[in-house]
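Take a look at the letters that make up each chain.
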Amino acid sequence: MLTTTLIKLFDRDLEKLKQEIEAYKAEEDLWIVTNEISNSAGNLCLHLIGNLNHFIGAILGNTGYIRQRDLEFSQTNIPKSKMIGDIDNALVMVKDVLGKLTVHNLQEQYELKVFGEAMSTEFFLTHLLTHLAYHLGQINYHRRLLSV
């Protein structure tokens, strides 16, 4: 079933996100931005955690998570250890919520019209996975640019 595949891929990419965050030699480098780079790796990490906790946790899993999206892009100097713990918690939540979904749940319309139109839960979960991969690539590139 698709949920098994999604769980494996979210697990892979969230573990890779932890590795990327841990790979920054200087913790302050996580928060560097320049004219060409508008989002730091730290803020992208916070954004990914908030995104998953909101769209999977709160909407599909009724976790009660309250998203503060503006803070995902404005907070700085969050310790690596806190972000790693938050990634771990998000991964547990994703596995728990997705593990409870049925084929019927995947085919149902996702509760929110995120892009202004109706879509299936299956479609939106696939989008969330590609969104994670997109920002994970940005974080990897950000880290490698700083280590030159």
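All right, on to the packing of helix H1 (residues 2–23) against helix H2 (residues 41–61) then. At a minimum axis separation of 11 Å, H1 and H2 run at an interaxial angle of 155 degrees. Of the possible angle classes, the one that applies to H1 and H2 is roughly antiparallel. Where H1 crosses over H2, the handedness of that crossing is left-handed. Listed contacts from H2 to Phe10, Leu14, Leu17 and Ile21 of H1 are Ala41, Cys45, Leu48, Leu52 and Ile56.

This structure, assessed with the given rule, holds 9 salt bridges. We note a salt bridge from Glu20 to Arg143, for which the minimum N-O separation is 2.6 Å. Taken as a pair, Glu20 in helix H1 and Arg143 in helix H6 (residues 121–146) lie far apart in primary sequence, 123 residues in all. Each of the two residues, Glu20 as well as Arg143, counts as buried. Here Arg67 ties to Glu72 by a salt bridge, and the two come within 2.7 Å at their closest N and O atoms. Comparing Arg67 with Glu72, the two get one shared label, buried.

One pass over the full model with this rule turns up 3 aromatic pairs. Here the aromatic rings of Tyr110 and Phe124 are separated by 4.5 Å at their centres, their planes lie at 40 degrees, and the arrangement is tilted. Residue Tyr110 is located in the loop between helix H5 (103–107) and H6, and its partner Phe124 is located in helix H6; the two are separated by 14 residues in the primary sequence. A single burial state applies to Tyr110 and to Phe124, both of which are buried. Where Phe115 meets Phe124, the ring centres are 6.0 Å apart and the plane angle is 65 degrees; that geometry is what we call edge-to-face. When its relative accessible area of 43% is taken as the criterion, Phe115 is described as partly exposed. Here Phe124 falls in the buried class, since its relative accessible area comes to 1%.

Closest axis-to-axis distance for the H1/helix H4 (residues 80–99) pair is 10 Å, and the angle between their directions is 180 degrees. Between H1 and H4, the angle falls in the class roughly antiparallel. In this structure, H1 uses Thr3, Leu6, Ile7, Phe10, Asp11, Leu14, Glu15, Leu17, Lys18, Ile21 and Glu22 to contact H4, whose residues at the interface are Lys80, Met83, Ile84, Ile87, Asp88, Leu91, Val94, Lys95, Leu98 and Gly99. Its residues assigned to classes, the contact of H1 with H4 shows 12 nonpolar, 2 polar and 7 charged.

Before going further, it helps to spend a moment on unusual backbone geometry. In this structure, Asn62 takes a positive phi of about 50 degrees despite not being glycine. Along the chain, Asn62 turns up in the loop between H2 and helix H3 (69–74). The exposed category is assigned to Asn62, whose relative accessible area is 65%.

Scoring rules and cut-offs
Residues numbered from 1 in each chain as written. Predicted model: local features only at pLDDT ≥ 70, side-chain atom pairs only at ≥ 80, totals over all residues. Heavy atoms only, no water. Axes fitted to C-alpha atoms, helices over the stretch in contact; angles between N-to-C directions. Helix = DSSP H or I, 4+ residues; strand = E, 2+ residues; numbered from the N terminus. Parallel < 35°, antiparallel > 145°, perpendicular 65-115°, else oblique. Left-handed = near helix turned anticlockwise from the far one by under 90°. Contact = heavy atoms within 4.5 Å. Salt bridge = Lys/Arg side-chain N within 4 Å of Asp/Glu carboxyl O. Buried < 20%, exposed > 50% of the residue type's maximum accessible area, 1.4 Å probe, protein only. Phe/Tyr/Trp six-rings, centres within 6.5 Å; stacked < 30°, edge-to-face > 60°. Nonpolar A, V, L, I, M, F, W, Y, C, P; charged D, E, K, R; others polar.

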